[in-house]
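# Coordinate analysis (summary)
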Amino acid sequence: MTQDELFKVLVAHCKEYGFIFPSSEIYDGLAAVYDYGQMGVQLKNNIKTYWWEAMTRLNENIVGIDSCIFMHPKTWVASGHVAAFNDPLIDNKDSKKRYRADVLIEDYLLKIEEKINKEVAKGRKRFGEAFDEEQFRATNPNVLREKAKYDEVHNRYVEAENKNDLAEYKQIILDCGIVCPISGTANWTDVRQFNLMFSTSLSNTGANDDKIYLRPETAQGIFVEYLNVQKTGRMKIPFGIAQIGKAFRNEIVARQFIFRMREFEQMEMEFFCKPGTEMEWFRKWKENRMKWHVNLGMGAENYRFHDHEKLAHYANAATDIEFNFPFGFKELEGIHSRTDFDLGNHQKLSGKKIQYFDPETGESYVPYCVETSIGVDRMCLAVLSHAYTVEQLEGGDSRVVMKIPAPLAPIKVAVLPLVKKDGLPEIAQKVVDELKYDFSYQYDEKDSIGKRYRRQDAIGTPFCVTIDHETVNDGCVTVRDRDTMTQERVKIEDLRALIDKKVSLNNLLRNL
Ligand code: GAP
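If you're wondering where the values come from, they're calculated on a predicted model, not measured in any experiment.

### A look at the overall build of the protein chain
Helices and strands together make up the secondary structure of the protein chain, namely 18 helices and 23 strands. Based on the C-alpha atoms only, the size of the protein chain along its principal axes is roughly 80 × 70 × 55 Å. The 512 residues of the protein chain split such that 49% are buried. Considering only residue pairs separated by 6 or more positions, the protein chain has 65% of its internal contacts joining residues 24 or more positions apart.

### Overview of the nonpolar core
Core analysis: the biggest nonpolar cluster contains 61 residues, and Trp 51, Met 379 and Ile 404 have the highest contact counts within it. Top contributing element to this core by residue count: helix α13 (residues 376-387), with 8 residues. In this structure, this core is formed jointly by two domains, domain 1 (1-73 + 197-401) and domain 3 (411-510), each of which donates at least three residues. When sequence neighbours within four positions are dropped, the list of residues in contact with Ile 404 reads Phe 19, Leu 43, Val 383, Ala 387, Ala 409, Pro 410, Ile 459 and Arg 482.

### Describing the site of the ligand
Looking at the ligand, there are 20 residues lining it, with Glu 217, Arg 249, Met 261, Glu 268 and Glu 331 nearest. Leu 332 places a polar main-chain atom, nitrogen or oxygen, 2.9 Å from an oxygen atom of the ligand. Its residues assigned to classes, the shell around the ligand comprises 6 nonpolar, 4 polar and 10 charged.

### Details of the sheet that holds strand β10 (residues 263-273)
One open sheet holds the 7 strands; their spatial order is β3-β9-β10-β16-β13-β12-β11, and the pairing between them is mixed. The two strands at the open ends of the sheet, each matched to only one other strand, are β3 (62-65) and β11 (303-307). Between one strand axis and the next, the sheet turns through 25° on average, direction left out of account. When β11 meets strand β12 (residues 317-325), the two strands line up antiparallel, connected through 5 bridges.

### Quick notes on the domain arrangement of the protein chain
For the protein chain, the assigned domains are domain 1 (1-73 + 197-401), domain 2 (86-195) and domain 3 (411-510). Measuring from the centre of the C-alpha atoms in domain 1 to the corresponding centre in domain 3 gives 35 Å. Contacts between the two partners involve 20 residues from domain 1, matched on the other side by 16 residues from domain 3. Across the domain 1 to domain 3 interface the summed buried area is about 1,500 Å²; carbon plus sulfur atoms make up 62%. The largest share of the area that domain 1 buries against domain 3 comes from Met 39, Tyr 50 and Arg 399, three residues that together contribute 32% of it. Our enumeration of links across domain 1 and domain 3 arrives at 1 salt bridge. Between Arg 399 and Asp 457 there is a salt bridge; the shortest N-O distance is 3.0 Å. Breaking the side of domain 1 that touches domain 3 down by element, the ones donating at least two residues are α2 (40-56) and β18 (398-402).

### Some thoughts on the packing of α2 against helix α11 (residues 278-294)
Between α2 and α11, the least distance of the axes is 12 Å, while the angle of their chain directions is 145°. You can see that α2 and α11 cross each other, and the crossing is right-handed. Residue-level inspection shows Ile 47, Tyr 50, Trp 51, Ala 54 and Met 55 of α2 in contact with α11, the latter providing Trp 285, Arg 289 and Trp 292. When its residues are assigned to classes, the contact of α2 with α11 shows 7 nonpolar, no polar and 1 charged.

### Side note on the packing of aromatic side chains
Given two aromatic rings, one states the distance between the centres and the angle between the planes to describe the pair. One pass over the full model with this rule turns up 21 aromatic pairs. Taking 6.1 Å as the distance between ring centres and 80° as the angle between the ring planes, the aromatic pair formed by Phe 223 and Phe 272 counts as edge-to-face. Note that Phe 223 is positioned in helix α9 (residues 219-224) and Phe 272 in strand β10, a separation of 49 residues in sequence. Classification of Phe 223 by relative accessible area gives buried; the value is 1%. Ring centres 5.4 Å apart and planes at 80° place the aromatic pair Phe 259 and Phe 327 in the edge-to-face group.

### What to know about the pattern of salt bridges
Enumeration over the complete set of coordinates arrives at 41 salt bridges. Taking the shortest distance from any N to any O, the salt bridge between Asp 457 and Arg 480 comes out at 3.0 Å. Of the two residues, Asp 457 is situated in helix α15 (residues 449-459) and Arg 480 in strand β22 (residues 476-481); the sequence distance between them amounts to 23 residues.

### A closer look at the sheet that holds β22
The strand order across the open sheet formed by 5 strands is β20-β19-β21-β22-β23, and the pairing between neighbours is mixed. Looking at which strands have only one partner, the edges of the open sheet turn out to be β20 (441-443) and β23 (487-491). The mean angle between the axes of side-by-side strands here comes to 25°, regardless of whether they run parallel or antiparallel. Summarising the sheet, strand β19 (residues 413-417) and strand β21 (residues 463-467) pair through 5 bridges and their orientation is parallel. Across the sheet, the residue bridging to Val 415 is Val 465, located in β21.

### Some thoughts on the packing of helix α1 (residues 3-16) against α13
Between two packed helices, what matters for the description is the angle formed by their axes and the separation of those axes. Contact geometry for α1 and α13: axes closest at 11 Å, N-to-C directions at 105°. Regarding the angle of α1 to α13, the classification is roughly perpendicular. Counting all contacts with α1, which are made through Phe 7, Leu 10 and Cys 14, the residues of α13 involved are Leu 381, Leu 384 and Ser 385. Across the contact of α1 with α13, the residue classes break down as 5 nonpolar, 1 polar and no charged.

### Quick look at the side chain of Glu 217
Along the chain, Glu 217 turns up in the loop between β8 (211-213) and α9. Those residues in contact with Glu 217 that sit more than four places away from it in its chain are Trp 76, His 81, Ala 247, Arg 249, Gln 266, Glu 268 and Arg 338.

### Quick look at unusual backbone geometry
Of the consecutive residues Ile 237 and Pro 238, the connecting peptide bond is found in the cis state with omega at 5°. Relative to the helices and strands, Pro 238 is located in the loop between α10 (226-232) and β9 (239-248). Backbone geometry at Asp 422 places phi at a positive 60°, although glycine is not the residue there. Within the secondary structure layout, Asp 422 lies in the loop between β19 and α14 (424-435). Under the relative-accessibility criterion, Asp 422 is labelled partly exposed at 47%. Here Met 485, not a glycine, exhibits a phi torsion of approximately 60°, which is positive. In this fold, Met 485 is placed in the loop between β22 and β23. For Met 485, a relative accessible area of 28% gives the class partly exposed.

Analysis parameters
- Residues numbered from 1 in each chain as written.
- Predicted model: local features only at pLDDT ≥ 70, side-chain atom pairs only at ≥ 80, totals over all residues.
- Heavy atoms only, no water.
- Helix = DSSP H or I, 4+ residues; strand = E, 2+ residues; numbered from the N terminus.
- Buried < 20%, exposed > 50% of the residue type's maximum accessible area, 1.4 Å probe, protein only.
- Contact = heavy atoms within 4.5 Å.
- Core = buried A, V, L, I, M, F, W, Y, C linked by side-chain atoms within 4.5 Å.
- Domains from an automatic or database assignment.
- Near = heavy atom within 4 Å.
- Polar contact = N/O pair within 3.5 Å; in protein donor to acceptor, adjacent residues only side chain to side chain.
- Nonpolar A, V, L, I, M, F, W, Y, C, P; charged D, E, K, R; others polar.
- Pairing = 2+ DSSP bridges.
- Axes fitted to C-alpha atoms, helices over the stretch in contact; angles between N-to-C directions.
- Buried area = accessible area lost by both parts, 1.4 Å probe.
- Salt bridge = Lys/Arg side-chain N within 4 Å of Asp/Glu carboxyl O.
- Left-handed = near helix turned anticlockwise from the far one by under 90°.
- Phe/Tyr/Trp six-rings, centres within 6.5 Å; stacked < 30°, edge-to-face > 60°.
- Parallel < 35°, antiparallel > 145°, perpendicular 65-115°, else oblique.

Shown next as structure tokens:
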């Protein structure tokens, strides 16, 4: 199966087992908007708890808030979003479809890369064991021709991006013969900037001066509450404010399932520090956040840093933590050193003094800020795509198992009486009563035990507990491990400790 096909299978699996549904599906859905089902919401909540506790419980100097989606419109002038939160868009005059100009070019480059990879694959097939990929790439005329084309377009694209040269974007599209996939023509409009913020009106008159925005990031809620939190919490620099909440962006190219959505959730932490110390904190937060990810056991090799060469005007350092998604390494989290840009601009525009008085040195200053920002939905996608596994079993059978890190699994334990009679459901109910205060569980007595195991594998339940006829005599149950499928007999009173060892979020936090 290609990665593309695998991704489609994952999306279908997420729907079939109640993780994620297209929004408003009975009306044919709404592009790039998704709902979380009964399994998805529990996975999402567990991810949020892992992040929230790691931030606010493990760090004495980080507190959390919950600010509103609607904010004073000046917020977005101060943050720069009104002026500069734009995507370069182009319309096809024949199909009337709108595209992101940069994405059209990136897709074109991707196709060249695919062509090169196909050539390499052909070479590998032809030369077998003796194949030397490096030499092949350096000498094969087809590869060299495609590579030269790639480099030429890529260099022009990077330069256009750096200079924000919209006319050059269009010229590249025309020169490369990029056509609209719907109309098949290159009848393009000029490239224009399009603001990504959704807006609505505060009153019901619809007047333009009532215009307010749905926040495109949660961070600004933290900046405007900085003074309140610092004063009421008697916070001393350095300290952080964390927040989890919804954000909205009118993404034109919304694709790759929950990777890029129009309504999504962010977990952001703004860490305020003394100017001059921000690089030290930036390094610490890079390390800290990578540790948080790797601690989940999804393979350190699946993460990498991508340091930004081109920095936004307000940042003096920036990096992404990228994850190896089914469509390649892509941004999962951003870490930025944002200087005093946000607090400084809010101070200017509001006319309110936003300064920190350092009682030890007697200095007053606008604090600098290091931000860590991760999308909850992207994190869900990282977990789900890594977890999806198809295993061949003895006897030619196969199983689909979601190897979700156990502390994040929606359901921690399934309680399964072998048959619906002989007093086994009653014992199973007692097992449920023993476990339900500590763990999310499912009780299932329908179908064969094999089918019930498969259902639990498909939603990633780490443990299945089976109550059989022997349980009546010895008070022991069979515990089946999701990943190894090994089974062991355990006394009912020992179940809680055994399950907790593997699924406990506190244990996960302890390892940080
Ligand atoms: N406050 C900084 C900020 O918002 P960003 O890189 O635009 O920075 C941070 O977003 C994170 O939010 C990303 O790394 C990603 O995980 C998530 N994110 C951004 N746009 C998203 C979208 N349209 N859909 C899902 N997640 C998104």
